[in-house]
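# A look at the structure
So the chains spell out like this:
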Amino acid sequence: MWKSFLTRTSRCFSTSTSNIKTLKWWDHVAPAPKDPITSVTEAFLADTSPTKINLGVGAYRDDEGKPVVLQCVREAEAKITGCDFLESVSSAVSSKLVEESVKLVYGKNSDVIKEGRFAGVQALSGTGACRLFAEFQRRFYPESRIYLPDPTWSNHHNIWRDALVPERTFHYYHPDSKGLNFAALLDDVKSAPDGSFFLLHPCAHNPTGVDPTEEQWREISYHFKVKNHFPFFDMAYQGFATGDLDRDAQSIRIFVEDGHLIGCAQSFAKNMGLYGHRVGCLNVLCNDAKQAVAIKSQLQQIAQAMYSSPPVHGILLVSAILSDPDLKALWMKEVKVMANRIQSLRTTLQESLEQLGSSLNWEHITNQVGMFCFSGLTPEQVDRLLREFHIYMTLDGRMSMAGVTTGNVSYLANAIHEVTKFG
């Protein structure tokens, strides 16, 4: 009897499940658009030409076009190797990283640090720091939007979009002068609703290499104060604009002197050559130490839900460098060497184009600063450089000057002259 019952039941279930419509999970998911910088690198790697040049990557390279491990990093690695770190140590190490990082922003003798008026957390490089702040902004100012410079690093749009923060842009770059569109920038600052959030690049603007002067920064700060805007600084390239860490933080310190509360994202991916370690810091300047405690707890809670705790090795390296006077001095020297190499290649590239008899004005190559040169090349010219000369860059004409070497600068200049001489 039971056997007969089970047989009937089995048939019943078999018959009933055959009529159930199976949901085809994920069939509606289309491929995401490719990141423009990643696409450049992928195409470069697939190219077998011996003369190919990659001007897309935003990380430092030496004069042979190879990634660099700084000597200060090698020495820090030796210093921490063999140490047995328990889980409980990571919190202390992270705190040390934050403590040393904010000194690079505000200055080691800043009242901000003496009074404990900052809320700082370790972040997954600059991208993670921006993402944490975007979420913090959405959580506590849900009706706000973010104003991004036009242009800006492409991932800024993705970060605030995914945090569900509406974005607007403000004028920044002038394509005719290949410099700062200062008047239009100020007009946008003045016309934005009071109490708006603005993202600013404190130095070595990505992608244009165009930075305001000290006086222009002071005027921008003044109008931010009048409008009660909140400035959020993304400092991914400290040291690459001038070779001097303090000078590259001058814009932030102007805002602090004027009494602004600010936010700041820091990355050690470029200026320490630690791209793969994802070490960064987010700090928010507060009214007082009590407010700093509250804000830090909120930032930690957001980070906890995103990735819990960060990997410790990169934090140990950066903390070792920043907290050891000798290693820090060596790092500052190496940053200066990297910045000087890039500036030297800017000069060589400009002079090479002029010596070729180009009728165009290439002064913007040396007027711009940092790792990137916004060349002014059109998408059509960029495409010709790729097809005819195996030179890779993003379609907006952004060139990573770290990809230029003494060995390829003449070839690059000849190629640029070739595609622009009738343009």
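The structure contained in this document is the topic of the report that follows. (Residues numbered from 1 in each chain as written. Predicted model: local features only at pLDDT ≥ 70, side-chain atom pairs only at ≥ 80, totals over all residues. Heavy atoms only, no water.)

## Thoughts on a nonpolar patch on the surface
Note the cut-off: Each patch groups residues whose relative accessible area exceeds 30% and which form no salt bridge, using 9 Å between like charges and 5 Å between nonpolar side chains of Val, Leu, Ile, Met, Phe, Trp and Tyr. Here the open area of atoms and residues is found with the Shrake-Rupley method and a 1.4 Å probe, where only the protein chains shown may cover a residue. Definition used for salt bridges: Asp or Glu carboxyl oxygen within 4 Å of a side-chain nitrogen of Lys or Arg. Helix and strand definitions here come from DSSP, where helices need a minimum of 4 consecutive H or I residues and strands a minimum of 2 consecutive E residues; each element is numbered from the N-terminal end. Here's how the labels work: a residue is buried when its accessible area is under 20% of the maximum for its type, exposed when over 50%, partly exposed in between, all with a 1.4 Å probe on protein chains only.
On the surface, a cluster of nonpolar side chains totalling about 550 Å² of accessible area is made up of L23, W25, W26 and V29. Within the element layout of this structure, W25 appears in the loop between α1 (2-17) and α2 (36-46). Under the relative-accessibility criterion, W25 is labelled exposed at 60%.

## Some details on the nonpolar core
Put simply, the test is: In this description, a nonpolar core means a group of buried Ala, Val, Leu, Ile, Met, Phe, Trp, Tyr and Cys residues linked to one another through side-chain atoms lying within 4.5 Å. Two residues qualify as a contact provided that any one of their heavy atoms is within 4.5 Å of a heavy atom in the partner residue.
In terms of nonpolar packing, the biggest core is built from 92 residues, with W331 and L349 touching the most fellow members. Residue contributions to this core peak at eight residues, all from helix α14 (residues 325-355). Residues in contact with W331, not counting those within four places in the same chain, are L70, C72, L104, L245, N271, M272, I321 and L322. Residues V121, V165, I295 and I302 belong to the second largest nonpolar core, which totals 29 residues.

## Considering the pattern of salt bridges
It is possible for side chains of opposite charge to pair when their charged atoms get near one another. This structure, assessed with the given rule, holds 19 salt bridges. Of the charged contacts, one joins R139 and E135 as a salt bridge, the two residues approaching to 3.8 Å between their closest N and O atoms. Of this pair, R139 and E135 are both found in helix α6 (residues 125-140), four residues apart, which corresponds to roughly one turn of the helix. Between E388 and R384 there is a salt bridge whose closest N-O contact spans 2.8 Å. With E388 and R384 both in helix α16 (residues 379-389), this residue pair falls four residues apart, about one helical turn. Looking at R384, the relative accessible area reads 26%, which means it is partly exposed. Shared partners join several salt bridges into a network, and the residues in it are K96, E99, E100 and K103.

## Some remarks on the pairing of strand β2 (residues 118-124)
Moving residue by residue along a regular strand, the side chains alternate between the two faces of the sheet. This is how it is decided: Here, a strand pair is defined by DSSP locating no fewer than two bridges between the strands.
For β2, the buried fraction is high: six of the seven residues fall into the buried class. Where β2 and strand β10 (residues 279-285) come together, seven bridges link them in antiparallel fashion. The partner of G120 across the bridge, within β10, is N283.

## Digging into unusual backbone geometry
A cis amide bond, omega 5°, links D150 with the succeeding residue P151. A positive phi angle, near 50°, is found at A204, a position not held by glycine. Among the structural elements, A204 can be located in the loop between β7 (197-200) and α9 (214-227). Even without being glycine, N228 reaches a positive phi, approximately 60°. Looking at N228, the relative accessible area reads 59%, which means it is exposed.

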